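Coordinate analysis (summary)
The primary structure of each chain is shown beneath.
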Amino acid sequence: MESVDPAEVGKKKNFATLKAEIIDTGLCTRCGGCVGGCPDDALEIGDVLGDSLPQQKGDCNDCGLCHTACSGGEVIFPQLNEQVFGQQPKNMLLGQYENIFVGHASEGGVRSQGASGGVVTAVLCHLLATGEVDGAIVLGMDEAEPWKSEVRIARTPAEVQAAAQSKYSLSPVNTIFRELDDLPGRFAYVGLPCQVHSLRKLQAAGHPAACKITHVIGSYCGTILQFDAVRSFLRNNGVRDIEQITDLQYRAGEWPGQMQVTLKSGEVIALKKFYANYLIPFFMVDRCKLCTDLANEFADIACGDAWAPVYEERGLGWSLVMGRTKKGAALLESMAAQGKLSLNPLEEESAGSMHSHMLDFKKRGAFLRMERRQKRGLPVPEYGFKPNDIPRERRIFEAVLGSIFWLCSLGVSRWLVEHFPVKITGQLFEQARLAWKRLTRTTKRKGLGHTSFTVVDNKRDKS
């Protein structure tokens, strides 16, 4: 690995500089864009079941594309809004949109297999069946090592359905751009917000592989977990060898699903989704705490769970769906007219309410966490906007939340939770989560809908 003189940081746009500025400072999102965008195939993802960070494997020719593709250090929202939509959003919490729905795939099998309402699967299958795309970039599970996620290009609806459901461990999807370089055709793409940020930046730069992607489907994302979460869950159930896994699903069964592991012995270990969420504060990726995009604001179509009692009580699976671009909005309306999607219009206020706690986490909490990093002399991402005012009560709440995150990140805390019966832990966590939501509901929501934002100058050196 090439070393870099600190005095040269910011002057040369090579991987050594990216490593010094972004990776070594904890800003890397693991989107995989630098690896997939590199024209020299000089980069790779190291330790995919560990930190999953980019590393150099060949000569770097200082082209700078790894910096262009990076979603960790600079994602200027005002610029991307102009690039993707030609305008700024009226709602800075939800982002630009043309229409909003709550609904699900009309085909029962597609709906039941999805993480929520099966809308993403249905859209991809439709695009393939109508010939609008030649392939769909999806995230499945590796057949040879079924505990690993694997980005792949699905060519048939059956291959799309085989990759259904969310995968909650680090998965650098944008490494697939290397494979797209040599393939003709048009492609649909499914990604998390940070991965879509990288894709849109590469499209703006005219990157050949990125420009082959014509339809961007984005999922909502609060946080992603380190793979150690799976290891901890298994150890808590007496399994210490991940190679005993024959099947791993993060949202198996009827919505909202359950974390489910099948072993070679035939044993099935499962825990309800809301119980399995106990793993989040212990194993979330730190960089997620600095992300300001919950609702995948630069996708053509964004989908998330419809978290509202009226839908949760019905079961079966419901999606909050946003057509963000005119193309995405028209596609949703066309599929609904053809009976492929069951969609009901949703008011903006209801869409915000479904995810208000995580919108607050992203649109206010992230900026408070960045303030704390800056006070410690650490770099922060640049987004080109910031909230004008955050109430004192919300700042106090963030200090308490930060202390909880810090406590959970300690090795002793992870050890303790791993040695306590997992089902009891899950039940206690769910009860604590509901109590916490009731206790903090007013603080988190107070003023959220009226939060105003200011566009700020991008001061990062672009030389």
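Per chain, residue numbering runs from 1 following the sequence as it is written. Given that the model is predicted, a residue must reach a pLDDT of at least 70 before its local features are reported, and side-chain atom pairs must reach 80 or more before they are shown or counted; all residues, however, enter totals for whole chains, interfaces and linings. Processing note: side-chain calculations cover all non-hydrogen atoms of the structure and skip hydrogens and water entirely.

**What about the nonpolar core?**
Definition in use: In this description, a nonpolar core means a group of buried Ala, Val, Leu, Ile, Met, Phe, Trp, Tyr and Cys residues linked to one another through side-chain atoms lying within 4.5 Å. When a residue's accessible area, from a 1.4 Å probe over protein chains only, is under 20% of the maximum for its type it is buried; when over 50% it is exposed; and in between it is partly exposed. The secondary structure listing takes helices from DSSP runs of H or I that are at least 4 residues long and strands from runs of E that are at least 2 residues long, numbered from the N terminus. Two residues form a contact once any of their heavy atoms are found within 4.5 Å.
Counting residues in each nonpolar core, the largest one holds 103 residues, and the members touching the most others are I137, F177, Y189, I213 and F233. The greatest single-element share of this core, amounting to 6 residues, is contributed by helix α16 (residues 356-375). The residues contacting F177, other than those within four sequence positions of it, are G36, G37, Y189, L199, L202, A209 and I213. In terms of nonpolar packing, the next biggest core, distinct from the first, is built from 26 residues, A105, V119, V123 and L341 among them.

**Quick notes on the packing of aromatic side chains**
As a reminder, the rule being used: In summary, the pairing rule links any two rings of Phe, Tyr or Trp, Trp by its six-membered ring, whose centres are within 6.5 Å, and it sorts them by plane angle into stacked for under 30 degrees, edge-to-face for over 60 and tilted for everything else. Here, a charge over a ring is recorded when the distance from Lys NZ or Arg CZ to the ring centre is within 6 Å and its angle to the ring normal is within 35 degrees.
Scanning the model with the defined rule gives 12 aromatic pairs in all. On the numbers, 5.1 Å between centres and 45° between planes, the contact of Y311 with W318 is tilted. Note on accessibility: Y311 and W318 belong to one class, buried. Cluster of aromatic residues (ring-pair linked, three or more members): F77, F85, F298, F367, Y383, F385 and F453. Across the ring face of W318, the terminal group of R111 is positioned such that the distance to the ring centre comes to 4.9 Å. K272 extends its terminal NZ or CZ atom over the ring of Y275, reaching a point 4.6 Å from the ring centre.

**Quick look at unusual backbone geometry**
In this structure, the amide linkage connecting W255 to the following residue, P256, adopts the cis form with an omega of 5°. By the element assignment, P256 lies in the loop between β8 (245-252) and β9 (258-263). For S52, which is not glycine, the phi dihedral falls at a positive 55°. Assignment of secondary structure puts S52 in the loop between β1 (43-46) and β2 (53-56). For Q165, which is not glycine, the phi torsion reads 85° and is therefore positive. Tracing the backbone through its elements, the reader meets Q165 in the loop between α7 (157-162) and α8 (177-180).

**Looking at the environment of E107**
Residue position: E107 is located in the loop between β3 (99-105) and α5 (108-113). When the C-alpha atoms of E107 and G365 are compared, they prove to be 39 Å apart, with 258 residues separating the residues in sequence.

**A closer look at the sheet that holds strand β5 (residues 149-154)**
To keep it simple, the criterion reads: By definition, two strands form a pair when at least two bridges between them are found by DSSP. For helices, the fitted axis covers only the stretch in contact; all axes are lines through C-alpha atoms, and the angles between them, taken along N-to-C directions, range from 0 to 180 degrees.
With respect to topology, 8 strands assemble into an open sheet ordered β5-β4-β6-β7-β11-β12-β3-β13, the strand pairing being mixed. Since the sheet does not close on itself, it has two edges, and those belong to β5 and β13 (341-345), each with one partner. When strand polarity is set aside, the average angle formed by the axes of neighbouring strands in this sheet is 30°. Summarising the sheet, strand β11 (residues 301-305) and strand β12 (residues 319-323) pair through 5 bridges and their orientation is antiparallel. Its bridge partner being in β12, D305 is matched across the sheet by S319.

**Here's the deal with the sheet that holds β9**
Here we have 3 strands laid out as an open sheet, ordered β8-β9-β10, and antiparallel in their pairing. Two strands bound the open sheet, and with one partner strand each, they are β8 and β10 (268-272). Averaged over all pairs of adjacent strands, the angle between strand axes in this sheet comes to 5°, irrespective of strand direction. As paired strands, β9 and β10 are joined by 5 bridges and run antiparallel to one another. Looking across to β10, one finds that Q260 is bridged to A270.

So yeah, pure geometry; function would need other evidence.
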